[in-house]
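Structure at a glance
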Amino acid sequence: MKTLTDYLTFHTRERRELVRITDPVSELVRKSGIQEGMVLVSAMHITAGVFVNDDESGLHEDIWEWLQTLAPQGPDYRHHRTGEDNGDAHLKSLLIHHQVILPVTAGKLDLGPWQQVFYAEFDGQRRKRLVIKVMGE
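Residues numbered from 1 in each chain as written. Predicted model: local features only at pLDDT ≥ 70, side-chain atom pairs only at ≥ 80, totals over all residues. Heavy atoms only, no water.

**Details of the environment of Asn 86**
Here Asn 86 lies in the loop between helix 2 (57-70) and helix 3 (87-96). Separated by 71 residues in the primary sequence, Asn 86 and Arg 15 have C-alpha atoms spaced 10 Å apart. Apart from the residues within four sequence positions on either side, Asn 86 is in contact with Arg 15, Thr 47, His 79, His 80 and Asp 123. (Helix = DSSP H or I, 4+ residues; strand = E, 2+ residues; numbered from the N terminus. Contact = heavy atoms within 4.5 Å.)

**Brief notes about the pairing of strand 3 (residues 37-43)**
Every regular strand shows the same layout, with side chains that alternate between the two sheet faces. Extensive coverage of strand 3 is indicated by the burial of 5 of its 7 residues. Looking at chain direction, strand 3 and strand 5 (residues 99-105) are connected through 6 bridges and run antiparallel. Bridging from a neighbouring strand, Val 41 pairs with Val 100 of strand 5. Examined bridge by bridge, strand 3 and strand 8 (residues 127-136) share 7 bridges and lie antiparallel to one another. Counted as the bridge partner of Val 41 is Ile 132 from strand 8. (Buried < 20%, exposed > 50% of the residue type's maximum accessible area, 1.4 Å probe, protein only. Pairing = 2+ DSSP bridges.)

Below, the structure is given as structure tokens:
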């Protein structure tokens with residue numbers, strides 16, 4: 001089995017931001033030379049997530065609204081008693097999850113017709129990393 005590991009670094013302008021990462025993930029699959037296998041895409045921070053969905057602005061707004069409903073910014077989370085103010089970001093990360101595993105077929109990322117890969121930042125405006133590990137033959 002062959003592997004390729006690389007990292008993407010983000011410094012988002014906003015505290016909460018979605019970044020489409022399909023192209024860099026696809027490029028790493030191509031660079032790996034792997035024809036059949038999988039790629040792990042994992043946020044290396046506890047206030048970020050990775051997910052697959054449609055790249056449509058209305059859906060993005062719906063996702064943010066859904067997350068805000070389930071884990072609203074601002075309430076007095078117990079986590080805030082430690083001096084932090086990002087309790088909601090931790091909960092949003094749990095809802096989205098921090099990683100995805102995607103199939104590689106015939107040397108390409110094997111996504112459905114509307115599927116795109118996103119990095120979701122819930123507590124940004126500072127340096128964050130994502131690990132991408134392509135594995136297969």
